[in-house]
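Understanding the architecture of this molecule
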Amino acid sequence: ADLDKNCATKTAEYEVVKKTRAEETLAIAGTIKILNDDDALDLFKKALPSPSLLQVAHRGKEVRRLAMKALRGSPDNRLDFISLVLRGKKVSFDKVLAMVDEMVTLLGKEQVDDDEKKAYCEEKMDAAEDKKKVLDLDISDLE
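Remember, it's a predicted structure, so these values are computed and weren't measured experimentally.

**Describing the overall build of the protein chain**
If you tally the helices and strands in the protein chain, you get five helices and zero strands. Sequence-ordered secondary structure for the protein chain, helices as α and strands as β, is α-α-α-α-α. Considering only contacts in the protein chain between residues 6 or more positions apart, those separated by 24 or more positions represent 75%. For the protein chain, the computed accessible surface area is about 11100 Å², with 58% contributed by carbon and sulfur atoms.

This is the structure in structure tokens:
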């Protein structure tokens, strides 16, 4: 009788663990999808205009704690996936951290490209304005 009761209890506990693990796996998949999205890239660019100032020395529990603190009160419902992953104990968050690190590196490279493109555009705009002024002066001389 005790054996049957213990087996039933362990089976129920196992089902709960299995369900939780499935939810965590789904949350990680959702988080990875969100991180790969272009909207996430824009959000990271807005939130981290200068990725070189990031401190990447934290790992493990400290990262979880800081991430949970940052996610609290966010109006973006998609970040609930990330919160769920952070609360999960069985699934490693290392893959998501690696993706965030890669995204920060990518953002750094893109920021350099954007800065170069901005400088090029400003140079071309200045040249176009100068040319317009010369043409306006020529027109005024002809009148």
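Structure's up, so let's keep going.
**Quick look at the nonpolar core**
Ile 28, Ile 32, Leu 35, Val 96, Met 99, Met 103 and Leu 107 together form the largest nonpolar core, which totals seven residues. Mapped onto this core, the elements with two or more residues apiece are helix 1 (2–36) and helix 5 (94–142). Counting residues per element, this core draws most heavily on helix 5, at four residues.

**Some points on a negative patch on the surface**
On the surface, Glu 123, Asp 126, Glu 129 and Asp 130 cluster together to form a negatively charged patch. By the secondary structure assignment, Glu 123 is in helix 5.

**Overview of the packing of helix 1 against helix 5**
Remark: helix 1 packs on helix 5, axes separated minimally by 10 Å, with the N-to-C direction vectors making an angle of 5°. If you check the angle between helix 1 and helix 5, you find them roughly parallel. Residues Ile 28, Thr 31, Ile 32, Leu 35 and Asn 36 of helix 1 form the contact with helix 5, whose participating residues are Lys 95, Val 96, Met 99, Val 100 and Met 103. Residues that form the contact of helix 1 with helix 5 fall into these classes: seven nonpolar, two polar and one charged.

**Digging into the confidence of the model for the protein chain**
Across the protein chain, pLDDT averages 76, with 66% of residues at or above 70. By mean pLDDT, helix 4 (residues 79–87) is the weakest element of the protein chain at 67, and helix 5 is the strongest at 86.

**As for helix 5**
With 49 residues, helix 5 extends 70 Å between its outermost C-alpha atoms, agreeing within 8% with the 72 Å of an ideal straight helix rising 1.5 Å per residue. Listed as buried for helix 5 are Val 96, Leu 97, Met 99, Met 103, Val 104 and Leu 107.

**Digging into the pattern of salt bridges**
Evaluated as defined, the whole model comprises four salt bridges. With its nearest N and O atoms 3.3 Å apart, the salt bridge here joins Lys 132 to Asp 136. Here Lys 132 pairs with Asp 136, and both are found in helix 5, just four residues apart, close to one helical turn.

Calculation rules
- Residues numbered from 1 in each chain as written.
- Predicted model: local features only at pLDDT ≥ 70, side-chain atom pairs only at ≥ 80, totals over all residues.
- Heavy atoms only, no water.
- Helix = DSSP H or I, 4+ residues; strand = E, 2+ residues; numbered from the N terminus.
- Contact = heavy atoms within 4.5 Å.
- Areas by Shrake-Rupley, 256 points an atom, 1.4 Å probe, with all protein chains shown as cover.
- Core = buried A, V, L, I, M, F, W, Y, C linked by side-chain atoms within 4.5 Å.
- Buried < 20%, exposed > 50% of the residue type's maximum accessible area, 1.4 Å probe, protein only.
- Patch = residues over 30% accessible without salt bridge, like charges linked within 9 Å, V, L, I, M, F, W, Y side chains within 5 Å.
- Salt bridge = Lys/Arg side-chain N within 4 Å of Asp/Glu carboxyl O.
- Lys, Arg positive; Asp, Glu negative; His and termini not counted.
- Charge placed at Lys NZ, Arg CZ, Asp CG, Glu CD.
- Axes fitted to C-alpha atoms, helices over the stretch in contact; angles between N-to-C directions.
- Parallel < 35°, antiparallel > 145°, perpendicular 65-115°, else oblique.
- Nonpolar A, V, L, I, M, F, W, Y, C, P; charged D, E, K, R; others polar.
- pLDDT = per-residue confidence, 0-100.
- Expected span 1.5 Å × (residues − 1).

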